[in-house]
Amino acid sequence: MSDKIPEGNRSARERLAQQREREKGREKRRRTLIVASAVVGVLALAAVVGLIAANAGKDDGGDTASGPAVAPSGAIGEDALTLPVGAADAPSTLTIWEDFRCPVCAQFETAFRDTIKELTDDGQVKVEYHLATIIDGNLGGTGSLRAANAAACAQDAGKFAAYHDVLFANQPPEPDDAYGKNSRLIELAGEVEGLDTPGFRSCVEDGEHDSWVKKSDTAFREGGFQGTPTVLLNGESVFPSKGDEQISPENLKKWVAAANKGKKSGTATPSAPADGSSAPADPSSAPAS
């Protein structure tokens, strides 16, 4: 008996093997697409939620703050509404508009905090933070305003970045106006070394920067932005996408690297205040936002 496999059977087996390989390839691509779609879906949902929140709050300014707008120490830019973090001479600027009650902002911070810190520490970008209070206008309460004022008080102490991270890490559920209580904001200051001082407490309880926060929120509403977080790299929107590419830690690094090609990393370090804590860069050394 011959051991040879008939040509027809061999062809059939080869076709079957090829079909199985194609099916494996399709299944692999399908799993990859599912994972990618899940990430993109979260970001897309985040953008939609931010847009809804921004639009819903447009006609309600929330609590009004009276008196002159007192900018926190080291604030820069037009009307001193920008809180800078990082080397003032970094080649790229990441502009971020946030609301401390905004759950999408907290999601963004959770996903990108380490990446942004890495880029900032390496002198690749300087971050310019702007504060808004759209959730107060949307759901009522004062938590956005009170938290933003407390963050500005932390800026006075040269500890904005650390306190900013603590506020987002401990953010209450969106309908919960826990940040409307100064006592909670002061309690969280205990998580930032050296921040819980009589001066900080007084600043928070007196609402020293309330009018400045309201002025910042007005700038947000008049700026044509679609919601929080609004994230711009050198003036170009990168959240939830840049062109056809969805934002991700890897893509953000890639976009920054492309923008910085041929440019030197920033080296300017913030000057230290008398108490020895870190402080924002000298306003005169940083460009306006």
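Rules of the game
- Residues numbered from 1 in each chain as written.
- Predicted model: local features only at pLDDT ≥ 70, side-chain atom pairs only at ≥ 80, totals over all residues.
- Heavy atoms only, no water.
- Helix = DSSP H or I, 4+ residues; strand = E, 2+ residues; numbered from the N terminus.
- Buried < 20%, exposed > 50% of the residue type's maximum accessible area, 1.4 Å probe, protein only.
- Contact = heavy atoms within 4.5 Å.
- Areas by Shrake-Rupley, 256 points an atom, 1.4 Å probe, with all protein chains shown as cover.
- Arc of directions from axis to C-beta.
- Patch = residues over 30% accessible without salt bridge, like charges linked within 9 Å, V, L, I, M, F, W, Y side chains within 5 Å.
- Salt bridge = Lys/Arg side-chain N within 4 Å of Asp/Glu carboxyl O.
- Lys, Arg positive; Asp, Glu negative; His and termini not counted.
- Charge placed at Lys NZ, Arg CZ, Asp CG, Glu CD.
- Core = buried A, V, L, I, M, F, W, Y, C linked by side-chain atoms within 4.5 Å.
- Pairing = 2+ DSSP bridges.
- Axes fitted to C-alpha atoms, helices over the stretch in contact; angles between N-to-C directions.
- Disulfide = S-S within 2.5 Å.

**Student:** Explain the overall build of the protein residue by residue, including any values.
**Tutor:** Tallying secondary structure elements over the protein gives nine helices and seven strands in all. In the protein, buried positions account for 42% of the 289 residues. Taking the contacts inside the protein whose residues are at least 6 apart along the sequence as the reference set, 78% of them involve residues at least 24 apart. A total of about 14,700 Å² of accessible surface is found on the protein, and carbon and sulfur atoms cover 52% of it.

**Student:** Outline helix α9 (residues 249-259), supporting the account with residue identities and numerical values.
**Tutor:** Of all the positions in α9, only Asn 251, Leu 252, Trp 255 and Val 256 are classed as buried. Buried positions in α9, seen along its axis, are confined to an arc of 135° and lie on one side of it. Turned more than 90 degrees away from the buried face of α9, the exposed residues are Glu 250 and Ala 258.

**Student:** Requested: an account of a negative patch on the surface, with residues and values cited.
**Tutor:** Where like charges cluster on the molecular surface, the negative patch consists of Asp 156, Glu 205, Asp 206 and Glu 208. The topology assignment puts Asp 206 in helix α7 (residues 198-206). What makes Asp 206 exposed here is its relative accessible area of 58%.

**Student:** Provide a residue-level description of the nonpolar core, including the pertinent values.
**Tutor:** One recurring pattern in soluble globular proteins is that nonpolar side chains are buried together. Ranked by size, the top nonpolar core spans 56 residues in total, and within it Tyr 163, Leu 167 and Phe 200 carry the most contacts. Top element by residues in this core is helix α4 (residues 143-156). It accounts for eight residues. Beyond its immediate stretch of four places on either side in the chain, Tyr 163 contacts Ala 150, Ala 151, Ala 154, Leu 185, Leu 188, Ala 189, Val 192, Leu 195 and Phe 200.

**Student:** An account of the sheet that holds strand β4 (residues 230-233) is needed here, citing residue identities and associated values.
**Tutor:** The five strands lie next to each other as β1-β3-β2-β4-β5, forming an open sheet whose pairing is mixed. Of all strands in the sheet, those bounded by a partner on one side alone are β1 (83-85) and β5 (236-237). Across two bridges, β4 lies against β5 in antiparallel orientation. Bridge pairing links Leu 233 to Glu 236 in β5. Helix-sheet contacts for helix α8 (residues 210-222) involve β1, β2 (92-98), β3 (125-131) and β4, and the interaxial angle to β3 is about 105°.

**Student:** Describe the state of the cysteines, with residues and values.
**Tutor:** On inspection of all chains with the given rule, the structure shows one disulfide. The partner cysteine of Cys 153 in its disulfide is Cys 203, sulfur to sulfur 2.0 Å. Here the disulfide of Cys 153 and Cys 203 is left-handed, its torsion about the S-S bond being about -85°. Here the residue Cys 153 occupies a position in helix α4, and Cys 203 occupies one in helix α7, the gap between them amounting to 50 residues. Of the two residues, Cys 153 and Cys 203, neither departs from the other in class, the shared state being buried.

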